[in-house]
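Survey of secondary and tertiary structure
Here are the chains, one letter per residue:
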Amino acid sequence: MIEHQSLFLALAVTLFFIGAAGAVVRRNAIIVFMCIEIMLGGVNLAFLTFTRTTQNLDGAFMVMCIMAVAAVEAAVGLAIFFLLYRKTGSIDLEKFNLLKW
Amino acid sequence: MLESMLLYLAAALTLVTSVMVAVTRNTVHSALWMVASCFLLAVVFLFLRLQFMAALQVIIYAGAVMMFIIFAIMMLNLRVNPGRIQLRSTKTAGLVLVLFLFPALLLLLGMGRGIAALQGQVSLRALEQFGEVPLLANVMFSDYLLPFELVSILLTVGVIGAVALAKKRKD
Amino acid sequence: MFDLVWLIPTLPALGVLLNGLLGRKIEAANKSLVHWIACSAVGLSFFLTCLTFLELLQLPAELRLVEFTWFNWISAGEFQSYWAYQIDPLSMVMCLFVTGVGFLIHIYSIGYMGHAEGRYYRYFTYLNLFMFSMINLVLANNFLLMFLGWEGVGFCSYLLIGFWFGNIDNARAGKKAFITNRIGDFAFLVGLFLLITHLGKHGVWSVNFTEVFSHASALPPGIVTAVCLLFFIGCTAKSAQIPLYIWLPDAMAGPTPVSALIHAATMVTSGIYFVTRSNILYQMSPLALQVIAVVGALTALLAASIALTQNDIKRVLAYSTVSQLGYMFLGLGVGAFSAGIFHVVTHSFFKALLFLCAGSVMHGLANEQDMRFMGGMRKKMPVTYLTMLIGTLAIVGFPGLAGFFSKDEILWKTFASGHVLLWMIGVFTAGLTAFYMFRLIFMTFFNECRASREVQAKIHESPRTMTVPLIVLAALSAIGGYIGVPHALGGSNRIEHFLEPVMGTGPGKLIAGGEHLAQEAAHGAYHPSLAVEYLLMLLSVAIVLIGIGLAYTLYVKERERPVQLAERFSGLYRLMFNKWYVDELYGLIAVRPLHRASLFLWKGIDVLIIDGVVNGLARIFGWSGTWLRTVQTGYVQAYAVSLLLGVAGLMLYTLFVLVP
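In this text, all values refer to a predicted model and were calculated from it rather than measured experimentally.

Rules behind the numbers
- Residues numbered from 1 in each chain as written.
- Chains lettered and ligands numbered in written order.
- Predicted model: local features only at pLDDT ≥ 70, side-chain atom pairs only at ≥ 80, totals over all residues.
- Helix = DSSP H or I, 4+ residues; strand = E, 2+ residues; numbered from the N terminus.
- Buried ≥ 20, exposed ≤ 12 C-beta atoms within 10 Å, placed from the backbone.
- Contact = placed C-beta atoms within 7 Å.
- Nonpolar A, V, L, I, M, F, W, Y, C, P; charged D, E, K, R; others polar.
- Axes fitted to C-alpha atoms, helices over the stretch in contact; angles between N-to-C directions.
- Left-handed = near helix turned anticlockwise from the far one by under 90°.
- Pairing = 2+ DSSP bridges.
- Core = buried A, V, L, I, M, F, W, Y, C linked by C-beta atoms within 7 Å.
- Parallel < 35°, antiparallel > 145°, perpendicular 65-115°, else oblique.
- Expected span 1.5 Å × (residues − 1).

Looking now at the overall build of chain A. When you go through chain A residue by residue, the secondary structure sums to 3 helices and 0 strands. Beginning at the N terminus, the succession of helices and strands in chain A can be written as α-α-α. By residue count, 58% of the 101 residues in chain A fall in the buried class. Partitioning the contacts of chain A with sequence separation of at least 6, the portion at a separation of at least 24 is 49%.

Quick look at the structure:
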């Protein structure tokens, strides 16, 4: 299967940009969050492809780290959405321009 | 040949489900598409002969993270809320950037063929002999001990942070 | 008693603290407490000065120099300056009349300033502050402490001239006095620095009078002359001499007791005190002495000529003060230092008296200052009239009164030292003095009263607090001269003997330069005989009598004549009446160009360039800030886009820089 290296990488890049487009455009915070997960999935795929082609396990370890970070992100991010919703009744990202000052 | 066909199918389905995640209006539907996308990505991992990673993908993403998300959606009782897009110009700029970056990155892939020649410490034979778990464990507890511990600390901090944030304050 | 000398300046300082910090409350509670505090502080100072003086008299003449070091004031490297006082004949003479006259004027102020509601405490605070500074000035044993007093009196003068600052003219007069004094003080400071650095080259890092004078012979003559002349510029400002006398007539804007105390009796004489104190330096520089003598004589003449035509009673007295100060400097310039101090003392008596009398007249006449609206006050204010007559006779040098002895001493010393031309100017000025002083007397006290009917109805003799000081000062003016009766008239010139230890040429104090000069004087000078001295005395008395007679003719008998004369010599009259246009001249050559330059520096350099650069920078940052602010929208996704932009940048870098 390793001869399909280009296919795997192209899939990874495409996933990354689908996620990026969704993350930039969508207004629902949870969907944006899921799009970011798709981007991470693309990155994971790229790492694992290179693990196989270079016969090096560094990429695999990296993927494990990314998964851990994704889990943490999910926990903290969802807690933040939770808080936002409790305070304002909405998680529409275009209603919050709080990241100033 | 069959395997190749299956790979193409899995890849195509992954793309479709991912696009569906990004474009569906209903949040719950979007989450379900995301679950599908995660499973399909795990399938793609299988084609790389990385069974452990595929298992992790299913457990962590499709299991833990997506469970979180659906849980949150239920808690928040979200509705589809139509409204004007305010950041139209910003978002257009973002899409344009994506459209520029995508072919550029693909172009870069075409130039990167040379890396296949590299030979690492994990030969195909070793992989087939021991499976990836012992090899990965070997690396993880020797070369990457410090990052491994750091990741565990990060996880702890994340848990505490999430609890502290979501806790109801008496004010 | 010498150990208590620090109390002399401290008591007025205590008065300042009490009245200055709590005055408003004290005045509201009990107005008389304000002047009780102020007057008793100065009175006690005077009493202590008397005691110290008596104790000094107990000492033999050559030991009459006691220094009292209070504390170390400034200490920088090798340079040391102490807060220390010096008790010697000169400082005692000065201190005696400063505190004495000051005390009398404090008492007089009780009556005069009685109507100053709400500012009463402020007035006495300033007056006490002045006393503190002035006592520091005369008692200090070093240049620096003296300079502190010197600046302090200037500051108080500014405060008191502008005391009624509600009227902008008064505030301007205060400002003029202050700025003019600053010019002089600047020169003084430069002189002081020059002296310190050059003495420092000889290892004498001190400003102590005794030490400086004992090492003065080590200085090069050019430096001594420069230092002396720079100091003298300071003195011309403080003691109202050409070219910096212009502030004194305007200083009459202050309350009259202030004019009497500061601008007649004490502060303006500090220049004379200083030159006398530094006589050792001055005697080393004949050029500086010559300059002083000429400036003094010219000032005396110029001021007297202006006084002839003025109608404001206080202005006449102000110009008279300038003129008398000119006499004193003439005396100093010809080397008769003790004669100068003698005249300072007698002048402080009779000029303070004259000012207080003028104040008394004004008090009775609803603050009228113009002599054309006075007249006939002789009957209505007998005490004021009599005392003022005594003061006038004293100032014109009527035989037997204070001014006669001191002024004649100066004129005689001038003649004896060979400055015949200066002597002639002095004698002529004496005639002018007699004329304008009696013009003042006749216009104020004789003939019919020219004031308006309402004012006339209210004319009254002043209260006791005012007349008693007048009487005391009149008595002093009458007998004050007997401390210095010259040998020619059978006296022993006691004040000159008393002051001798201070003088560079006195016994036991001869220094190289002074000795040289004294010898030269002894050899080269012209020695007139006793007969000549009598003759000159008679001559000056005759000129004075002529002046009085002329004034009588013009202002009592033929009163239409002055107008005719003014018309006949209208050019000269206008020149004199307008003070020789000196103010206008200064305005043209100094004030206006300076004003223009300042305006240019302000509007051109400061506002346009300096502010422009600063404001321009601020505006640039402001603009870029407003522009850049739009980048920080606060929306997450906008930041995500900028993140993508960064990725694009990295991509371009990889594609075009790293890969090829």
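Opposite the 69 residues of chain B that make contact, chain A presents 60 residues. Elements with a contribution of two residues or more to the side of chain B that touches chain A: α1 (2–23), α2 (27–47), α3 (51–76), α4 (88–111), α6 (132–140) and α7 (145–166) of chain B. A per-element tally of the side of chain B that touches chain A places α3(B) first, with 11 residues. Across the side of chain B that touches chain A, the residue classes break down as 52 nonpolar, 14 polar and 3 charged.

It is worth spelling out the packing of helix α19 (residues 420–445) of chain C against helix α24 (residues 530–557) of chain C at this point. Residues and elements named next belong to chain C. Contact pair α19 / α24: the axes reach a minimum separation of 8 Å and the direction vectors enclose 35°. Here the hand of the crossing between α19 and α24 comes out right-handed. Contacts between α19 and α24 involve Val427, Ala430, Gly431, Leu432, Ala434, Phe435, Phe438, Arg439, Phe442 and Met443 on the former and, on the latter, Leu539, Ser540, Ile543, Val544, Ile546, Gly547, Ile548, Leu550, Ala551, Tyr552, Tyr555 and Val556. Residue classes in the contact of α19 with α24 are distributed as 18 nonpolar, 3 polar and 1 charged.

The next subject is the pairing of strand β1 (residues 66–76) of chain C. Residue and element names in this part refer to chain C. Examined bridge by bridge, β1 and strand β2 (residues 79–87) share 9 bridges and lie antiparallel to one another. Paired with Asn72 across the two strands is Tyr82, which belongs to β2. If you look at the hairpin formed by β1 and β2, you'll find 2 residues sitting between the two strands, and Gly77 has a positive phi there, around 60°.

All names here are of chain C. Turning to its location among the elements, Gln80 is positioned in strand β2. The class for Gln80 is partly exposed, based on 15 C-beta atoms found within 10 Å. With 126 residues separating them along the chain, Gln80 and Ser206 place their C-alpha atoms 5.8 Å apart. Excluding its chain neighbours within four sequence positions, the residues that come into contact with Gln80 are Ser75, Trp205 and Ser206.

Among the nonpolar cores identified, the biggest contains 208 residues, and C:Ala352 and C:Leu353 are the most heavily contacted of them. Residues in contact with C:Leu353, not counting those within four places in the same chain, are C:Thr387, C:Gly391, C:Leu470, C:Leu473, C:Ala474 and C:Ser477. In this structure, A:Ile30, A:Ile38, A:Leu45 and B:Ala72 belong to the second largest nonpolar core, which totals 81 residues.

Moving on, we get to the interface of chain C and chain B. With 13 residues of chain C at the interface, the matching set in chain B holds 13 residues. Looking at the side of chain C that touches chain B residue by residue, the class counts come to 11 nonpolar, 2 polar and no charged.

Let us look at the packing of helix α3 (residues 89–112) of chain C against helix α21 (residues 464–479) of chain C. All names here are of chain C. Axis separation between α3 and α21 bottoms out at 7 Å; the angle between their running directions is 150°. By the angle class used here, α3 and α21 are roughly antiparallel. Considering the relative orientation of α3 and α21, their crossing is left-handed. Packed against α3, whose contacting residues are Leu104, Ile105, Ile107, Tyr108, Ile110, Gly111 and Tyr112, the element α21 presents Thr465, Met466, Val468, Pro469, Val472 and Leu473 at the interface. Tallied by class, the residues present in the contact of α3 with α21 amount to 11 nonpolar, 2 polar and no charged.

Next up on the list: α21(C). Residue and element names in this part refer to chain C. Taking 1.5 Å of rise per residue, the 16 residues of α21 would be expected to cover 22 Å, and the 23 Å separating its terminal C-alpha atoms lies within 8% of that figure. Among all positions of α21, only Met466, Thr467, Pro469, Leu470, Leu473, Ala474, Leu476, Ser477 and Ala478 are buried. Those residues of α21 that are buried lie in contact with α3, α15 (337–364), α17 (382–396) and α18 (402–416).

In short, the description is geometric, and any link to function would need to be established separately.
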